[in-house]
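Read off the chains here:
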Amino acid sequence: FQRQRHQFYQIFLLELARDMDRNDAVVGQTIERAVINAIQDGIPLDVQTPDEGLNRELAQRWAGWANEADACDATGEMTFADMEGLIYRHVLVDGDILALPLRDGRLQLIEGHRLKTPTNTTRNVVLGVLMDERRRRLEYWLAKDEISPLAAVTRVADITAYPARDSQGERQVLHIYNPRRVSQTRGVTALAPIFDMLALFEDINFAKLVQQQVV
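So, here is what we can say about the structure in this document. For clarity, every value in this text was computed on a predicted model and none was experimentally measured. Residue indices begin from 1 for each chain and proceed along its sequence in written order. Only residues with pLDDT of 70 or above have their local features reported here, since the model is predicted, and side-chain atom pairs are shown and tallied only from 80 upward, although totals for entire chains, interfaces and linings are computed over all residues. The basis for the side-chain values is all heavy atoms of the structure; hydrogens and waters are excluded.

1. Points about the overall build of the chain
Helix and strand assignments come from DSSP, with helices taken as H or I runs of at least 4 residues and strands as E runs of at least 2, each series counted from the N terminus. Counting its secondary structure elements, the chain contains six helices and seven strands. Starting at the N terminus and walking to the C terminus, you meet the elements of the chain as α-α-α-α-α-β-β-β-β-β-β-β-α. For the chain, the spread of C-alpha atoms along the principal axes amounts to about 70 × 45 × 30 Å. Burial classes: relative accessible area under 20% of the type maximum marks a residue as buried, over 50% as exposed, and values in between as partly exposed (1.4 Å probe, protein chains only). The buried share of the chain, reckoned over its 215 residues, is 35%. Only heavy atoms enter the contact rule, under which two residues are in contact if any of them lie within 4.5 Å. The long-range fraction of contacts in the chain, counting pairs at least 24 apart against all pairs at least 6 apart in sequence, stands at 59%. Per-residue accessibility takes into account occlusion by the displayed protein chains alone, with areas from the Shrake-Rupley method and a 1.4 Å probe. With an accessible surface of roughly 13600 Å², the chain has 53% of that area assigned to carbon and sulfur atoms. Side chains of the chain carry 25 positive and 31 negative charges; the gap between the two charge centres is 9 Å. Only four residue types enter the tally: Lys and Arg on the positive side, Asp and Glu on the negative side; His and the chain ends are excluded. Charge coordinates come from a single atom per side chain, which is NZ of Lys, CZ of Arg, CG of Asp or CD of Glu.

2. Quick notes on helix α3 (residues 52-66)
A turn of α-helix holds 3.6 residues, and therefore any two residues three or four places apart point the same way. The terminal C-alpha atoms of α3, which comprises 15 residues, lie 21 Å apart, in line with the 21 Å expected from a rise of 1.5 Å per residue. The definition of a polar contact used here is a pair of N or O atoms within 3.5 Å, where within protein one atom must be able to donate a hydrogen and the other to accept one, and adjacent residues in sequence count solely through side-chain atom pairs. A side-chain oxygen of the first residue of α3 lies 2.9 Å from the backbone nitrogen of Gly53; this N-cap is Asp51. Expected helix span is computed as 1.5 Å times (number of residues minus one).

3. A short note on empty space enclosed by the protein
Using a 1 Å grid laid over the protein atoms alone, points where a 1.4 Å probe fits but cannot get out form a cavity; open sets with protein on both sides within 12 Å along at least 5 of 7 lines form a pocket; any residue with an atom within 4 Å of a point counts as lining. Grid points are joined across faces, edges and corners, and a volume is the space filled by probe spheres set on the points. Applying the stated criterion across every chain yields a total of one cavity of 30 Å³ or more. Reported here for the largest cavity is a volume of approximately 30 Å³. Side-chain classes follow a simple rule in which Ala, Val, Leu, Ile, Met, Phe, Trp, Tyr, Cys and Pro form the nonpolar group, Asp, Glu, Lys and Arg form the charged group, and the remainder, Gly included, forms the polar group. Of the residues assigned to the lining of the largest cavity, the class counts are three nonpolar, three polar and one charged.

4. Quick look at the layout of surface pockets
If you add up the space inside the largest pocket, you get close to 560 Å³. Around the largest pocket, the lining comprises 22 residues; the ones closest to its centre are Arg181, Gln184, Arg186, Gly187 and Val188. For the lining of the largest pocket, the elements supplying multiple residues, two or more each, are α1 (2-23) and α5 (80-93). By residue number, the principal contributor to the lining of the largest pocket is α1, which donates five residues.

Pasting the structure below:
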């Protein structure tokens, strides 16, 4: 019960932050400015091998991949710079996001609300992340895309588990978030500390606008 309550609270914060990002007159534009200032035209690859010729070749190959949406994005819609901006936005608003490197060289972005812990599991799954006794991440448990973010998953059969690393120990699930504690498993929206203030600001602003309209 405690685990399900934590999961519901995580999703509740995520959806509240998304609503403010979408509908608040100040929050959405503030997030937009933060993303533009941080990412700008995209974070480039800086190749630094002893071989200058190899540096140029790798930089050219990188540019060809990163600037072609069909080559780097599983949906074929975004360049790598576009993906960087969207990923940073998700980290600010949702708290975290996943990227799955595919065999064909593309990246598939997965929104954080799909990480879920089924109610019938007894394994050490925290907010959709299976961990060992030392909190090393073993698997990421993703619900089907059509399942509502607020809906609980009751069966392990409704989950697809992705191993965190391959047989060589290389990461094959990229979890992007901003941890603030050693034991923190998932990211938390950057709006969490200011939810109450934002709600009060919106109420006061609305009241002042109505007052001015009456005048």
